[in-house]
Amino acid sequence: IEATVTNTGEATQTQPIAAEMNGHQQASEPNLTLAGGEIATVRLSFAADAGFDGQEVTVLSDDQTDTAPVSVADVGEFDVSIAEQASNLTVTAAEAVVVEATVTNTGETTLTQSVIAAVNSTQQAIEPNVTLAGGDTTTLTLVFDAKTAFDGEDVTIRSDDAAAMRRLSVAEPARAVLSELEI
């Protein structure tokens, strides 16, 4: 909260400036000193509680109070899903596993998180610092080398908030076998 405070008198004065929600002090500047006629901007910060949404914050000094409405945005989370049709989850060993992931910010505020592809809880690929504004969606492509040990295991795409899994199928690469050789 930003409050503009003006000393309308001629003498220097010190007063506390406080912000209250529902009669409970949330933040204060205990000793704001202004010379006569001086103007200052005071920033009062406190943790936003969802219950504050739509209520009034009261900013007060010893001489005056003022109120303003409070709007608390839904922080939301990153929701992740795997686009199975666009992904390559059936491969041979040493080919690339390609996972196409859809990431959506379900809230109203901008969030930044990393999105990770893992097999057996071991990170295989990462898209660091994915930033999405509230309500936005993006598609990421995470690529890593397939190993025969991944056959039948789940690939997990996860953010800090959510995870999605799909089964991998990894076949042994084809091998040429010579049975007869004539010279």
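Residues numbered from 1 in each chain as written. Predicted model: local features only at pLDDT ≥ 70, side-chain atom pairs only at ≥ 80, totals over all residues. Heavy atoms only, no water.

K.L.:
Help me get a handle on the overall build of the chain, residues and values and all.
P.N.:
Helix and strand counts for the chain stand at zero helices and 15 strands. For 183 residues, the compact-globule formula gives about 16 Å, and the C-alpha radius of gyration of the chain, at 29 Å, lies well above that figure. Taken over the C-alpha atoms alone, the chain extends approximately 110 × 30 × 20 Å along its principal axes. By residue count, 30% of the 183 residues in the chain fall in the buried class. Of the accessible surface of the chain, which amounts to about 11100 Å², a share of 44% is contributed by carbon and sulfur atoms. When the 6 positive and 29 negative side-chain charges of the chain are each reduced to one mean point, those points stand 17 Å apart. (Helix = DSSP H or I, 4+ residues; strand = E, 2+ residues; numbered from the N terminus. Rg over C-alpha atoms; globule rule 2.2 N^0.38 Å. Buried < 20%, exposed > 50% of the residue type's maximum accessible area, 1.4 Å probe, protein only. Areas by Shrake-Rupley, 256 points an atom, 1.4 Å probe, with all protein chains shown as cover. Lys, Arg positive; Asp, Glu negative; His and termini not counted. Charge placed at Lys NZ, Arg CZ, Asp CG, Glu CD.)

K.L.:
Explain the layout of surface pockets residue by residue, including any values.
P.N.:
Its boundaries defined by the atoms lining it, the largest pocket holds a volume of some 530 Å³. Lining the largest pocket are 25 residues, and of these Thr4, Val5, Thr6, Ser61 and Gln64 sit closest to its centre. With five residues, the single largest contributor to the lining of the largest pocket is strand β1 (residues 2–6). Residues of the lining of the largest pocket, tallied by class, amount to ten nonpolar, twelve polar and three charged. (1 Å grid on protein atoms, 1.4 Å probe; cavity = no way out; pocket = protein on both sides within 12 Å on 5 of 7 lines; lining within 4 Å. Points joined across faces, edges and corners; volume = space filled by probe spheres on them. Nonpolar A, V, L, I, M, F, W, Y, C, P; charged D, E, K, R; others polar.)

K.L.:
How would you explain the pattern of salt bridges if you had to name every residue and give the values?
P.N.:
According to the stated counting rule, one finds three salt bridges in the structure shown. Across the pair Arg166 and Glu84 runs a salt bridge, and its minimum N-O distance is 3.0 Å. Of the two residues, Arg166 sits in strand β14 (residues 163–167) while Glu84 sits in the loop between β7 (78–82) and β8 (90–92), which places them 82 residues apart along the sequence. Here Glu84 falls in the partly exposed class, since its relative accessible area comes to 47%. (Salt bridge = Lys/Arg side-chain N within 4 Å of Asp/Glu carboxyl O.)

K.L.:
Account for the pairing of strand β4 (residues 39–43), naming residues and giving values.
P.N.:
Burial along β4 is one-sided: the face carrying Ala40 and Val42 is buried and the face carrying Ile39, Thr41 and Arg43 is not. With five bridges joining them, β1 and β4 adopt antiparallel strand pairing. Residue pairing for β4: Thr6 is matched across the bridge by Ile39. (Pairing = 2+ DSSP bridges.)

K.L.:
Help me get a handle on the environment of Asn31, residues and values and all.
P.N.:
Among the secondary structure elements, Asn31 is positioned in strand β3 (residues 24–34). Its relative accessible area of 56% is what places Asn31 among the exposed residues. Taking the C-alpha atoms as reference, Asn31 lies 69 Å from Ala93; in sequence the two are 62 residues apart. With sequence-adjacent residues up to four places away left out, Asn31 is seen in contact with Thr14 and Gln15. (Contact = heavy atoms within 4.5 Å.)

K.L.:
Give a description of the side chain of Gln113 that names residues and reports values.
P.N.:
Here Gln113 lies in strand β10 (residues 111–119). Among the residues examined, Gln113 registers a relative accessible area of 7% and is labelled buried. Only 3.5 Å separates the side chain of Gln113 from the side chain of Ser159, close enough to count as a polar contact. Of note is the side chain of Gln113, whose polar atom sits 2.6 Å from the side chain of Asp161. (Polar contact = N/O pair within 3.5 Å; in protein donor to acceptor, adjacent residues only side chain to side chain.)

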